[in-house]
Amino acid sequence: MTQTTEAATVEDTRSPGGFRIHRAWFVAAVTFVTIIGAAAFRSLPGLLIDPLHQDFGWSRGTIGAAVSVNLALYGLTAPFAAALMDRFGIRRVVAVALTVIAVGSGLTVWMTAAWQLMLCWGLLVGLGSGSMALAFAATVTNRWFTERRGLVTGILTAASASGQLIFLPVLSWMVEQHDWRPAAITVALAALAVVPFVWLLLRDHPADVGLKPYGAQEFVPKPAPVQGAARRAVTVLFKAARTGPFWLLAGTFAICGASTNGLVQTHFVPAAHDHGMPVTAAASLLAVIGVFDVVGTIASGWFTDRFEPRRLLAVYYALRGISLLFLPMLLAPSVHPPMLFFIVFYGLDWVATVPPTVALCREQYGEDSAIVFGWVLASHQVGAALIAFLGGVARDVFGTYDMVWYASGALCAAAALMALMIRRRPAVPAPAPGLATA
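These lines cover the structure that appears in this document, whether it is placed above or below. Only a predicted model underlies this, so the values are computations on that prediction, with no experimental measurement involved. (Residues numbered from 1 in each chain as written. Predicted model: local features only at pLDDT ≥ 70, side-chain atom pairs only at ≥ 80, totals over all residues. Heavy atoms only, no water.)

From N to C terminus, the chain includes 18 helices and two strands. Looking at the chain as a whole, 50% of its 438 residues are labelled buried. (Helix = DSSP H or I, 4+ residues; strand = E, 2+ residues; numbered from the N terminus. Buried < 20%, exposed > 50% of the residue type's maximum accessible area, 1.4 Å probe, protein only.)

Below, the structure written as structure tokens:
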């Protein structure tokens, strides 16, 4: 009775002065800024390969191995981070993760051996960034919103791309003009700068401030902390792995990672250069993909609130596959309108798959959905890593990337069919009035 009265009192969205914005939107804004700050580190690895090779004489394979450790931990940490947020709260986990990123990036300034790069950039930054992966956005959305979840998921997903767009020009200028160390320090300071906002403005649950989730009709009590975060993450994995939808979601998202981060982000520039396009022009096209990535992800969130997410996923993957089949014919020494059309379209479709995938995890797995999505995100990173490696092997064997584009297009077609195979979870009927519940 106390909770209901309190919620009814504080949830009034109008004050004598007029309309009052729900606290959930402020929490989403802080989350957006946090993800932007954390995205700074993702802009730096590609800029460090040549400077570190020149300064220390380390092979590019050694430097790439540290980045691989980072990417692997980025995916594998996510489900455990979601469980830790259930145990210790969002605010504590995110503040610690930002601090770990700052420490890992800052310590690289004093490194003298390759194993230190593995430790700082691979282990520490990988663990910190994985704790603020898309599972963080899914957790915030699940707790604070019952309406507009798709839109909020799209906005928070776009934050990562926004962060890279903000930091990449600045960091590349720093590396070129002032060496790589000021860039590493900038990443560390950017992560630390967000910590006060997280600690002061982010709240773990609407009940912490006596509010209902946005769009909810009833007050939702804050659940008790869940003990054994690591055990729960593994338990949820084994439980979800016994269901067909989990493997379909993981399979489609692995293909998503393979056809974006693993394929285009890694191999588009060298493939375009094979056809005579200057590296700077090809890199600029990737930057344009990043611009439209923001638009496409937010739009996808809006669509997810209004349309069946399975069909959205099928359309996204089918169109992505068709575009990849045409790409070998579009590559040329100069940038022409058909190539620009491909770039704009691929940018719109880049992570448009995230909001409907999160929605399907929520539909299928309820309170465990953020952890399940963390494991699905891990499959995304595995798919990206696998194609990043196999794409290079195929280029060595065939002397061209054409087979890679065609194979990836076929994989996307398979992902479209897999999305349609995910069955709807039947709604649980409400108990009849007057009947006791167990």
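As a further point, take the layout of surface pockets. Estimated volume of the second largest pocket: approximately 640 Å³. If you trace the second largest pocket, you find 29 residues lining it, with Asp 86, Arg 143, His 205, Pro 223 and Glu 367 closest to the centre. Of all the elements in the fold, those that place two or more residues in the lining of the second largest pocket are helix H4 (60-88), helix H7 (134-144) and helix H17 (369-398). Of all the elements, H4 adds the most residues to the lining of the second largest pocket, at five residues. Taken together, the residues of the lining of the second largest pocket sort by class into twelve nonpolar, seven polar and ten charged. (1 Å grid on protein atoms, 1.4 Å probe; cavity = no way out; pocket = protein on both sides within 12 Å on 5 of 7 lines; lining within 4 Å. Points joined across faces, edges and corners; volume = space filled by probe spheres on them. Nonpolar A, V, L, I, M, F, W, Y, C, P; charged D, E, K, R; others polar.)

A word on the pattern of salt bridges. Scanning the model with the defined rule gives six salt bridges in all. Between Asp 55 and Arg 181 there is a salt bridge, with its nearest N and O atoms 3.5 Å apart. Here the residue Asp 55 occupies a position in helix H3 (residues 45-56), and Arg 181 occupies one in helix H9 (residues 180-201), the gap between them amounting to 126 residues. With a shortest N-O distance of 2.7 Å, Arg 320 and Asp 349 are connected by a salt bridge. Of this pair, Arg 320 sits in helix H14 (residues 309-330) while Asp 349 sits in helix H15 (residues 337-349), and the two are 29 residues apart along the sequence. (Salt bridge = Lys/Arg side-chain N within 4 Å of Asp/Glu carboxyl O.)

Under the counting rule described, the total for this entry stands at eleven aromatic pairs. Ring plane angle 70° and centroid distance 5.5 Å describe the contact between Trp 302 and Phe 303, whose orientation is recorded as edge-to-face. Classification of Phe 303 by relative accessible area gives partly exposed; the value is 33%. By way of ring pairs, the aromatic residues Trp 25, Phe 145 and Tyr 214 are connected into one cluster. Across the ring face of Trp 199, the terminal group of Arg 91 is positioned such that the distance to the ring centre comes to 4.5 Å. Lying across the ring of Tyr 346, Arg 320 places its NZ or CZ 6.0 Å from the centre. (Phe/Tyr/Trp six-rings, centres within 6.5 Å; stacked < 30°, edge-to-face > 60°. Lys NZ or Arg CZ within 6 Å of the ring centre and 35° of its normal.)

Right, let's talk about the environment of Gly 126 for a bit. By the element assignment, Gly 126 lies in helix H6 (residues 114-130). For Gly 126, a relative accessible area of 0% translates into the label buried. In this view, Gly 126 contacts Asn 70, Leu 73, Tyr 74, Thr 77 and Trp 121; residues no more than four positions away in its chain are not counted. (Contact = heavy atoms within 4.5 Å.)

Another aspect to go through is the environment of Cys 361. With respect to the helices and strands, Cys 361 occurs in helix H16 (residues 354-365). Here the alpha-carbon distance between Cys 361 and Ala 138, two residues 223 residues apart in the chain, equals 9.8 Å. Sequence-distant contacts of Cys 361, defined by excluding residues within four places in its chain, comprise Leu 249, Gly 366, Ser 369, Val 372, Phe 373 and Val 376.

All right, on to H9 then. Along an α-helix, a turn takes 3.6 residues, which lines up residues three or four apart on a common side. The end-to-end C-alpha distance of H9 is 33 Å, a good match for the 32 Å that 22 residues give at a rise of 1.5 Å each. Those residues of H9 that sit buried are Trp 180, Ala 183, Ala 184, Thr 186, Val 187, Ala 188, Ala 190, Ala 191, Val 194, Val 195 and Val 198. (Expected span 1.5 Å × (residues − 1).)

This part covers the packing of helix H11 (residues 244-262) against H14. At a closest axis distance of 12 Å, the pairing of H11 and H14 adopts a crossing angle of 35°. Here H11 runs over H14; the crossing is left-handed. Where H11 approaches H14, its residues Thr 252, Phe 253, Cys 256, Ser 259 and Thr 260 are matched on the opposing element by Tyr 317, Arg 320 and Leu 324. By residue class, the composition of the contact of H11 with H14 is four nonpolar, three polar and one charged. (Axes fitted to C-alpha atoms, helices over the stretch in contact; angles between N-to-C directions. Left-handed = near helix turned anticlockwise from the far one by under 90°.)

Another aspect to go through is the side chain of Thr 260. Topologically, Thr 260 is positioned in helix H11. Within polar-contact distance, the side chain of Thr 260 engages the backbone oxygen of Cys 256 at 2.7 Å. When neighbours within four sequence positions are excluded, Thr 260 is seen to be in contact with Gln 265, Arg 320, Trp 350 and His 380. (Polar contact = N/O pair within 3.5 Å; in protein donor to acceptor, adjacent residues only side chain to side chain.)

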